[in-house]
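# What the coordinates show
For reference, the chains in residue letters:
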Amino acid sequence: WQDLRAIPVQRRDDRSKHLHHSAPSEVTKPRRKSVKITPRTTVKEFAELIGQRPADIVRKLMEMGQMLTFHQPMNLDAAAMLAEESGVKIDIAVEKVGDDLLQDVLETGGEERPEPRPPVVTIMGHVDHGKTSLLDAIRQTNVAEGEAGGITQHIGAYTVSVRGKQVTFLDTPGHEAFTAMRARGAKVTDVVILVVAADDGVMPQTIEAIHHAKAAGVPLIVAMNKIDKPTANPDRVKNALSEHGLISEAWGGDTIMVEVSAKQKTGLDTLLEMILLQAEVLELKADPHRQARGTVVEAKIERGRGPVATVLVQNGTLRGGDAYVVGTFSGRVRALINDRGEKVQQAGPSIPVEVIGLPGVPSAGDVFHVVSNERVAREIAEERAQKRRAAELTSPAKVSLDDLFAKIQEGSVKELAIVIKADVQGSSEALAGAVEKLSTDAVKLRVIHNAVGGIMESDVLLAAASRAIIIGFNIRPEPKATALAEQQGVDVRLYTIIYDAIADIKAAMEGLLEPTLKERVLGRAEVRQVFMIPKVGAVAGAYVVDGLISRTSAGVRVIRDNVVVYQGKFGSLRRFKDDVREVQQGYECGLSIENFNDVKAGDIVEAYTIDKIATKL
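The rules we used
- Counting from 1, residues in each chain are numbered in the order their sequence is written.
- Only residues with pLDDT of 70 or above have their local features reported here, since the model is predicted, and side-chain atom pairs are shown and tallied only from 80 upward, although totals for entire chains, interfaces and linings are computed over all residues.
- Excluding hydrogens and water, the side-chain figures rest on all heavy atoms present in the structure.
- A strand pair is defined by DSSP finding two or more bridges across the two strands.
- Each helix is a run of DSSP H or I of at least 4 residues and each strand a run of E of at least 2, with the numbering of both proceeding from the N terminus.
- Only Phe, Tyr and Trp rings take part, Trp by its six-membered ring, and two of them pair if their centres are within 6.5 Å. Stacked means planes under 30 degrees apart, edge-to-face means over 60, and tilted covers everything else.
- Here the term buried applies to any residue with accessible area under 20% of the maximum for its type, exposed to any over 50%, and partly exposed to those in between, with areas from a 1.4 Å probe on protein chains only.
- We call a charge positioned over a ring when the NZ of a Lys or the CZ of an Arg lies within 6 Å of the ring centre and within 35 degrees of the ring normal.
- Salt bridge, as applied in this entry: a Lys or Arg side-chain nitrogen positioned within 4 Å of an Asp or Glu carboxyl oxygen.
- To define a nonpolar core, start from buried Ala, Val, Leu, Ile, Met, Phe, Trp, Tyr and Cys residues and group those joined through side-chain atoms within 4.5 Å.
- Contacts: residue pairs with any heavy atoms within 4.5 Å of one another.
- Per residue, pLDDT measures the predictor's confidence, with a range of 0 to 100.

Right, let's get into the sheet that holds strand E15 (residues 329-332). In spatial order, the strands read E15-E14-E20-E11-E12-E19-E16-E17; together these eight strands make up an open sheet with antiparallel pairing. Looking at which strands have only one partner, the edges of the open sheet turn out to be E15 and strand E17 (343-344).

Printed below as a string of structure tokens:
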């Protein structure tokens with residue numbers, strides 16, 4: 001046993017001897033005569049560069065009055081002094097941050113190798129002219145029924161195979177409130193299909209769509225839908241379009257016009273041929289070998305998946321696991337889902353995919369960049385977030401109770417504050433824009449908060465503090481938020497169609513301007529006996545049969561045989577010899593009515609008040 005114990009002791013001795021001999025070699029000589037440092041170089045990195053122990057550098061910094069840990073950025077002045085002591089020259093390199101860093105990353109992408117890419121086609125037109133039905137007929141699936149009221153609420157991005165070639169379609173919502181979303185759709189598109197109902201003709205949104213396409217410099221193809229209807233008049237449509245500079249090729253112009261029927265599925269082949277022909281003329285190319293760059297078409301929060309963004313890849317190839325930066329968010333692509341709901345490994349140019357693994361909801365229209373690593377992505381996102389915070393601090397706060405009360409107390413401006421929550425960013429922005437357009441000189445509408453996600457307790461508290469109403473679009477409130485809203489008296493309205501929300505807001509505005517006057521009966525008393533008193537007039541001895549009789553009521557009426565004989569105000573109200581404010585049911589009282597002495601036994605005296613009820617949303 002002694003031998004067994006002795007062996008580890010011997011080993012420990014050897015180890016201590018070994019450590020003792022190696023101790024002097026710890027201090028290393030400076031490796032280089034000149035080193036480069038940046039404002040982000042940490043104390044530990046600096047120590048390694050000048051060949052010193054990090055602990056010694058921390059000690060020297062403490063002597064200089066600077067308390068820094070190993071992983072904190074080095075003070076540049078102190079670094080210069082310490083390097084000089086060690087006989088090392090330092091060069092301070094100014095590091096690029098934020099968007100400059102991103103630009104640097106993008107410029108070092110190597111030479112381009114462009115290849116043909118599929119065209120991105122946006123379908124535009126007036127509401128209910130059959131845009132989704134047309135896309136539906138092309139896709140051979142059914143999208144229209146899934147949309148609330150058959151109206152497209154979000155941008156749908158779909159890829160369709162046409163004779164072995166791919167075409168990406170963006171279906172933009174038709175209602176004018178979604179102008180912003182549609183404008184965004186036109187920025188990422190190559191060809192616009194303008195859908196015009198042959199029986200309805202050119203409508204306000206048709207004109208708006210023409211303006212968007214022209215502003216984006218995008219070629220237009222006109223699809224005259226509903227051609228199978230007996231009331232269809234294609235010549236009238238062509239004539240109306242010519243007024244807006246769209247002249248049919250048949251009339252000697254350069255605008256391609258195709259007659260189609262989404263219902264009967266006629267003319268679709270011709271339309272697809274024209275799209276491919278237009279795409280060939282445009283010679284669309286992109287480099288799939290580069291790091292991906294795309295645009296966020298839509299973003300939302302999904303239960304179980306968190307924030308999800310629909311990204312249309314415009315250049316390069318997006319792959320699962322790529323480090324990216326989009327707006328003020330950065331991270332790695334967790335998964336890619338295509339338009340058919342299947343998981344894919346990568347997406348090339350002009351392909352729309354849902355990106356999962358975002359830390360937050362970006363704004364629709366944000367540019368999505370893939371970068372070399374997460375550190376670069378995080379630096380760019382942090383810099384952008386910092387700039388945004390600085391901008392928010394300099395701009396006035398969104399909600400200020402002081403100015404809200406001041407304006408209401410002035411009485412000159414009546415204001416309706418609104419909190420908007422929607423399932424996707426595009427809808428919340430569009431609804432906010434539509435609501436603010438409803439403002440008049442008499443009533444100002446102010447969207448104090450609009451965001452993506454369910455209605456939370458924080459939203460209800462904000463609405464309660466700002467005397468606001470909450471509008472939820474395609475979402476539900478949390479149970480706790482519902483209970484809090486009831487407790488605080490906050491009006492929460494949920495919609496799935498934008499028209500309903502706008503119509504209700506208009507009604508509420510009218511309610512704010514002219515409150516509804518509603519009468520409420522407080523109580524009734526039956527006159528049992530009438531006394532004539534000198535200098536006072538007729539005093540009725542009455543018995544309160546229902547409710548209460550109050551002197552502060554707005555008015556009183558005398559009813560005889562169910563007919564109102566007089567309407568006025570109380571002169572006095574007494575019980576025995578005391579003046580009282582009110583008399584409850586089951587008690588007797590004496591009362592007189594101003595300027596009315598013709599009270600008779602058996603009359604009913606009815607006290608009422610008038611409530612002002614603003615039209616509630």
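Looking now at the environment of Val191. Relative to the helices and strands, Val191 is located in strand E7 (residues 191-197). Taking C-alpha positions, Val191 is 7.7 Å from Ala279, a pair spaced 88 residues apart along the chain.

In this section: the packing of aromatic side chains. A full pass over the atoms with the stated rule returns two aromatic pairs. Look at Tyr324 and Phe368: their rings are 4.9 Å apart centre to centre, the planes differ by 20°, and that puts the pair in the stacked class. Placement of the pair is Tyr324 in strand E14 (residues 323-326) and Phe368 in strand E20 (residues 367-371), with a sequence separation of 44 residues. Note on accessibility: Tyr324 and Phe368 belong to one class, buried. Seen from their ring centres, Tyr566 and Phe596 are 4.6 Å apart, and the 10° between their planes marks the pair as stacked. With Tyr566 in strand E28 (residues 563-568) and Phe596 in the loop between strand E32 (588-593) and strand E33 (604-613), the pair connects residues that are 30 residues apart, well separated along the chain. Among the residues examined, Phe596 registers a relative accessible area of 11% and is labelled buried. For Arg557, the ring lying beneath its charged end belongs to Tyr608, and the centroid distance is 4.1 Å.

Taken across its five residues, strand E19 (residues 352-356) has five buried, putting it largely inside the fold. Across the two faces of E19 the burial is the same, with Pro352, Glu354 and Ile356 and Val353 and Val355 all buried. Here strand E16 (residues 335-337) pairs with E19 via three bridges, running antiparallel. When the sheet's bridge partners are listed, Ile337 is paired in E19 with Glu354.

The next point concerns the pairing of strand E26 (residues 537-550). Across four bridges, E26 lies against E32 in antiparallel orientation. Among the inter-strand pairings, Gly541 is bridged to a residue of E32, identified as Gly590. Both E26 and strand E31 (residues 582-584) contribute to a ladder of three bridges, which runs antiparallel. Within E31, the position partnered with Leu548 by the bridge is Gln584.

Applying the stated criterion to the full structure yields 19 salt bridges. The closest approach of N and O atoms between Asp598 and Arg560, which form a salt bridge, is 3.9 Å. Here Arg560 lies in strand E27 (residues 555-560) and Asp598 lies in the loop between E32 and E33, a separation of 38 residues in the sequence. Connected via shared salt-bridge partners are Arg53, Asp56, Arg59 and Glu63.

If you look at the biggest cluster of nonpolar residues, it comprises 25 residues, and the most contacted ones within it are Leu134, Ile138, Phe169, Ile193, Leu271 and Ile275. Residue assignment for this core shows that the elements contributing at least two residues are strand E4 (120-125), helix H6 (131-139), strand E5 (156-162), strand E6 (165-171), E7, strand E8 (220-225), strand E9 (256-259) and helix H10 (268-282). Examining the composition of this core, we find that five residues originate from one element, H10, more than from any other. Sequence-distant contacts of Leu271, defined by excluding residues within four places in its chain, comprise Leu134, Ile138, Ile193, Ile221, Ala223, Val258 and Val260. Val311, Leu318, Tyr324 and Val452 belong to the second-largest nonpolar core, a separate cluster that totals 20 residues.

Looking at the protein chain, pLDDT values average 76 and 78% of them are 70 or higher. Note that residues 141-155 has pLDDT below 50 and, in this model, 41 contacts with residues that lie over four places away or in other chains. The low-confidence segment residues 174-186, where pLDDT is below 50, has 49 contacts with residues more than four positions distant or belonging to other chains.

Here we come to unusual backbone geometry. Here Lys226, not a glycine, exhibits a phi torsion of approximately 60°, which is positive. Assignment of secondary structure puts Lys226 in the loop between E8 and helix H9 (234-242). Even without glycine at this site, Lys535 takes up a positive phi of about 65°. Assessed through its relative accessible area of 89%, Lys535 is described here as exposed.

Restricting attention to buried positions, one finds in helix H3 (residues 54-63) the residues Asp56, Ile57, Val58 and Leu61. On its buried face, H3 is in contact with helix H2 (43-50) and helix H4 (76-85). Immediately beyond the C-terminal end of H3, within one or two residues, lies Gly65, with a positive phi of roughly 85°.

With respect to the element layout, Asn338 can be found in the loop between E16 and E17. Apart from residues lying up to four places away in sequence, Asn338 is in contact with Val344, Pro352 and Val353.

Relative to the helices and strands, Ile256 is located in strand E9. Setting aside residues up to four positions removed in sequence, Ile256 forms contacts with Leu220, Ile221, Val222, Glu249, Met274 and Gln278.

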